[in-house]
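So the chains spell out like this:
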2 protein chains.
Amino acid sequence: MSQSLGKASIVPEKPVYILNSASVVGTKEGQGPLGLLFDMVGEDDMFGCATWEEAESTLQNKAVGLALEKAGVEKEDVSFLFAGDLLGQSIATSFGISTYQIPLLGVYGACSTCGESLLLGAMSVAGGFADRVLCVTSSHFASAEKEFRFPLEYGNQRPLSATWTVTGSAAFVLGGEEAVQKTKKNGRGGPRARITGMTAGKIVDYGLKDSMNMGACMAPAAASTLEQHFIDFGSQPDFYDKIITGDLGKVGQRVLIDLMKEKGYDILGRHMDCGIEIYDGESQDTHAGGSGCGCSAVTLSAYILRQLEERNWKKVLFLPTGALLSKTSFNEGKSVPGIAHCIVAESL
Amino acid sequence: MSQSLGKASIVPEKPVYILNSASVVGTKEGQGPLGLLFDMVGEDDMFGCATWEEAESTLQNKAVGLALEKAGVEKEDVSFLFAGDLLGQSIATSFGISTYQIPLLGVYGACSTCGESLLLGAMSVAGGFADRVLCVTSSHFASAEKEFRFPLEYGNQRPLSATWTVTGSAAFVLGGEEAVQKTKKNGRGGPRARITGMTAGKIVDYGLKDSMNMGACMAPAAASTLEQHFIDFGSQPDFYDKIITGDLGKVGQRVLIDLMKEKGYDILGRHMDCGIEIYDGESQDTHAGGSGCGCSAVTLSAYILRQLEERNWKKVLFLPTGALLSKTSFNEGKSVPGIAHCIVAESL
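Residues numbered from 1 in each chain as written. Chains lettered and ligands numbered in written order. Predicted model: local features only at pLDDT ≥ 70, side-chain atom pairs only at ≥ 80, totals over all residues.

**A short note on the overall build of chain A**
Stage number 1. Within chain A, the secondary structure is distributed over twelve helices and 17 strands.
Stage number 2. Relative to the compact-globule value of 20 Å for 348 residues, chain A shows a C-alpha radius of gyration of 18 Å, a close match.
Stage number 3. Projecting the C-alpha coordinates of chain A onto the three principal axes gives extents of approximately 55 × 50 × 35 Å.
Stage number 4. Each of the 348 residues in chain A was classed as buried or not, and the buried ones make up 64%.
Stage number 5. The long-range fraction of contacts in chain A, counting pairs at least 24 apart against all pairs at least 6 apart in sequence, stands at 80%. (Helix = DSSP H or I, 4+ residues; strand = E, 2+ residues; numbered from the N terminus. Rg over C-alpha atoms; globule rule 2.2 N^0.38 Å. Buried ≥ 20, exposed ≤ 12 C-beta atoms within 10 Å, placed from the backbone. Contact = placed C-beta atoms within 7 Å.)

**Focus on helix α8 (residues 249-262) of chain B**
All names here are of chain B.
Stage number 1. Compared with an ideal rise of 1.5 Å per residue, which puts 14 residues at 20 Å, α8 spans 20 Å between its outermost C-alpha atoms and is within 8% of the ideal.
Stage number 2. Turning to α8, its buried residues are Gly249, Val251, Gly252, Gln253, Val255, Leu256 and Met260.
Stage number 3. Residues of α8 that are buried in the fold lie against α7 (214-233), β11 (242-245), β12 (271-273), α9 (274-278) and β13 (290-291).
Stage number 4. Positive phi appears at Gly264, one or two residues downstream of α8, with a value of about 95°. (Expected span 1.5 Å × (residues − 1).)

**Quick look at the domain arrangement of chain A**
Residue and element names in this part refer to chain A.
Stage number 1. Here chain A is partitioned into domain 1 (4-185) and domain 2 (195-346).
Stage number 2. Just the C-alpha atoms count here: the centres of domain 1 and domain 2 sit 17 Å apart.
Stage number 3. If you look at the interface, domain 1 gives 54 residues, while domain 2 gives 59 residues.
Stage number 4. Within the residue set of the side of domain 1 that touches domain 2, elements represented by two or more residues are β2 (9-10), β3 (16-25), α1 (27-30), α4 (113-126), β7 (132-139), α5 (141-148), β8 (164-165) and β9 (168-175).
Stage number 5. Considering each element in turn, the side of domain 1 that touches domain 2 owes the most residues, seven residues, to α4.
Stage number 6. Grouping the constituent residues of the side of domain 1 that touches domain 2 by class yields 29 nonpolar, 18 polar and seven charged. (Domains from an automatic or database assignment. Nonpolar A, V, L, I, M, F, W, Y, C, P; charged D, E, K, R; others polar.)

**What about the pairing of strand β3 (residues 16-25) of chain B?**
Residue and element names in this part refer to chain B.
Stage number 1. Across the ten residues of β3, ten count as buried, placing the element largely inside the fold.
Stage number 2. Summarising the sheet, β3 and strand β10 (residues 193-199) pair through three bridges and their orientation is antiparallel. Its bridge partner lying in β10, Tyr17 is registered against Arg194.
Stage number 3. Pairing between β3 and strand β4 (residues 40-41): two bridges, direction parallel. From the neighbouring strand, Val24 faces β4, where its bridge partner is Met40. (Pairing = 2+ DSSP bridges.)

**Observations regarding the interface of chain B and chain A**
Stage number 1. Taken together, the contacts link 54 residues of chain B with 54 residues of chain A.
Stage number 2. Mapped by element, the contributors of at least two residues to the side of chain B that touches chain A are β5 (80-85), α3 (91-94), β6 (104-106), α4 (113-126) and α12 (327-331) of chain B.
Stage number 3. Of the residues forming the side of chain B that touches chain A, the biggest block, five residues, is contributed by α4 of chain B.
Stage number 4. Residue composition of the side of chain B that touches chain A, by class: 25 nonpolar, 21 polar and eight charged.

**Re the relation of the copies chain B and chain A**
Stage number 1. Laying chain B over chain A is done by rotating through 180° and shifting 0.0 Å along the axis; what remains is an RMSD of 0.0 Å. Each copy turns onto its partner about a two-fold axis.
Stage number 2. Interface residue correspondence from chain B to chain A reaches 100%, placing this contact among same-surface, isologous pairings. (Least-squares fit on C-alpha atoms with pLDDT ≥ 70 in both.)

**Quick word on the packing of helix α2 (residues 52-71) of chain A against α5 of chain A**
Residues and elements named next belong to chain A.
Stage number 1. The geometry of α2 relative to α5 is characterised by a closest axis approach of 8 Å and an angle of 130° between their N-to-C directions. Here α2 is positioned oblique relative to α5, judged by the angle of their axes. Between α2 and α5 lies a crossing of left-handed hand. Of α5, the residues touching α2 (which contributes Trp52, Glu53 and Glu56) are Ala142, Ser143 and Lys146.
Stage number 2. Of the residues in the contact of α2 with α5, the class split is two nonpolar, one polar and three charged. (Axes fitted to C-alpha atoms, helices over the stretch in contact; angles between N-to-C directions. Parallel < 35°, antiparallel > 145°, perpendicular 65-115°, else oblique. Left-handed = near helix turned anticlockwise from the far one by under 90°.)

**Describing the environment of Arg149 of chain B**
All names here are of chain B.
Stage number 1. Structurally, the position occupied by Arg149 is in the loop between α5 (141-148) and β8 (164-165).
Stage number 2. Judged by local crowding, Arg149 falls into the partly exposed class, with 17 C-beta atoms found within 10 Å.
Stage number 3. Separated by 181 residues in sequence, Arg149 and Phe330 place their C-alpha atoms 9.5 Å apart.
Stage number 4. What Arg149 contacts, discounting residues up to four positions off in sequence, is Asn156 and Ser211.

**Re the pairing of β5 of chain B**
Residue and element names in this part refer to chain B.
Stage number 1. Where burial is concerned, most of β5 is hidden: six out of the six residues are buried.
Stage number 2. Taking every second residue as pointing to the same face, both faces of β5 are buried, with Phe80, Phe82 and Gly84 on one and Leu81, Ala83 and Asp85 on the other.
Stage number 3. Sheet analysis places β5 next to strand β7 (residues 132-139), joined by six bridges and oriented parallel. Counterpart to Phe82 in the pairing with β7 is Cys135.

**Observations concerning helix α2 (residues 52-71) of chain B**
Stage number 1. Under the 1.5 Å per step criterion, the end-to-end length of α2 of chain B is 29 Å for 20 residues, consistent within 8% with the ideal 28 Å.
Stage number 2. Of all 20 residues making up α2 of chain B, 18 are buried, and the element is well covered by its neighbours.

**Section: the packing of α7 of chain B against α8 of chain B**
Residues and elements named next belong to chain B.
Stage number 1. One can describe the packing of α7 onto α8 by two numbers: an axis separation of 8 Å at closest approach and a directional angle of 35°. Crossing of α7 against α8: the hand is right-handed. Listed contacts from α8 to Gly215, Ala216, Met218, Ala219, Pro220, Ala222, Ala223 and Leu226 of α7 are Gly249, Val251, Gly252, Val255, Leu256, Leu259 and Met260.
Stage number 2. Class assignment of the residues belonging to the contact of α7 with α8 gives a composition of twelve nonpolar, three polar and no charged.

**So, the environment of Glu177 of chain A**
All names here are of chain A.
Stage number 1. Tracing the backbone shows Glu177 in helix α6 (residues 177-185).
Stage number 2. On the neighbour-count criterion, Glu177 (12 C-beta atoms within 10 Å) is exposed.
Stage number 3. As a C-alpha pair, Glu177 and Asp131 span 46 residues in sequence and 8.9 Å in three-dimensional space.

**Structural notes on unusual backbone geometry**
Residues and elements named next belong to chain A.
Stage number 1. Located in the positive-phi region is Ser90, a residue other than glycine, with phi close to 45°.
Stage number 2. Checked against the element boundaries, Ser90 lands in the loop between β5 (80-85) and α3 (91-94).
Stage number 3. Even without glycine at this site, Asp285 takes up a positive phi of about 55°.
Stage number 4. For Asp285, the location among the structural elements is in the loop between α10 (281-284) and β13 (290-291).

**Focus: the environment of Gln89 of chain B**
Stage number 1. Mapping Gln89 of chain B onto the fold places it in the loop between β5 and α3.
Stage number 2. Discounting residues that sit within four places of it in the chain, Gln89 of chain B has contacts with Gly88, Ala110, Leu324, Leu325 and Ser326 of chain A.

Structure follows, in structure tokens:
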């Protein structure tokens, strides 16, 4: 059995479904254009915790709990949990999901982590290694600013190219045909969509060093993965109702569209960016858009899967984008390489 | 096709081989008991770089290059690279392996990362998602001290329970039957061993908070994964010639043996720890032993696989152990949870 396609792509031979999912966000995201669609909006961004890091852990914990509940799946029935976040040593994950006692396979792809976790989760279901798996990612505005930039108290100025890290987490329960039947027997909704293809991305480094313009840093990686995907699948932009990047924002979006035009692909009419959708840039002072692992994850759960369920869209390409930097690499004068992984999600 | 076993374990239906591997280490490791077995020992621990982080990136880069060369595999023939390290946002990986332009799936499991990357790599080969994959991990004494503890210049005292982070990286090329035939046609050696089972671990937190006694922090996780493995595979300690943990050191080893005895398993005669093997504790002043992602990885490549090749051992259980802490979580008074993933490696 070969489920590989080209060099970097996968076509599952057995269907892989997103059985259900859940999104938990902070106050700013709750006030944004997608606010009413999230499963849970915090009363404040501390989520009852003493530190920002604990708050982010709580986001993951609640997202996993809600996703399991919505899918009607017990935690004991989940084989693997693919999880990661932006913090050093992924501590939001380590302290967020340990209560579930599900075997953990930690992943790191910066803000592309949602795509990576879904790719690996779908692989483990399609390969017959697991009946049901969970994929969860998170980010938190305050823990990310502390991790990557300045203390919030410093009140640094943000250029217009900067993005605003989304406070949010989303969890996805994946499973095969058998898992769908069990879910139906439990009288639960879903599945929400089917994953029909994945393409893993390479690191792409154009030498940019501006951590306040991560859209431009990540756009070349998005273009690389997108081109590889079109080549491997023999597809064109109009094969998809939407081509959805994670958190390029307004600057990165323009770069991506231009880069793809140079490669011979016109994605202008079909491109959407979760970072642009999640906030109202004018009224919410978020500048180029939203970012963070949570940005694409909560938008997929709350908005994109809903469009697929309602069959407004039949097939989308979901392409979370990550900027591979750390405080240390930035301070040592290194560039900010990008990476992007994509999955194809289809309505049922 | 079901390749899952119990809740957390996997038995590949198609054989997965370690086609070849390579290890690169620093000066202290070169002077240790395994010194002559490593493929490359640096002249100094900077590896020609300006920073410790760049030095660690160079370790990964060299290990991947050597592993590909030894396996007779071109980088273009590798579908996925599973890679990770201990630094925040895995920057040793991001800046270490990008020149190879292989689709990257970043993993994080603290010092269990070698086990996790081999588990996922074997999964992707057994599932028919890839012909050949690479798994690489690294650690560096100086970058790890800076990341987790104190500046080296501070010269802090190390208690006897502390371990010494290994400066080293190892890379493993995995593939299926077809890849073995191609390697033989190229006149290269290998395969070195076969991977016949894997068990993914859960986070186990006994509430310990001492980052200078990580062996004790990780031992409960090692015991948990080991017990789960024995249950899932219906096996006993004497099914394996060696049961090899990653970096428990002398303190953690005693805790593990005691915990396993409580669970009804006597592993005393078969247990080996890479952290204990890699240094001569007496003459090298390394206290409880070696640690870090690189510790288990270079010991597997240089020593364990050699024992399997020479058929001194026929079947081993390789169980890298990780301590899930960060500077931030430690400073915020959090505990140090552990995690461990295991693979079964057999001689051919």
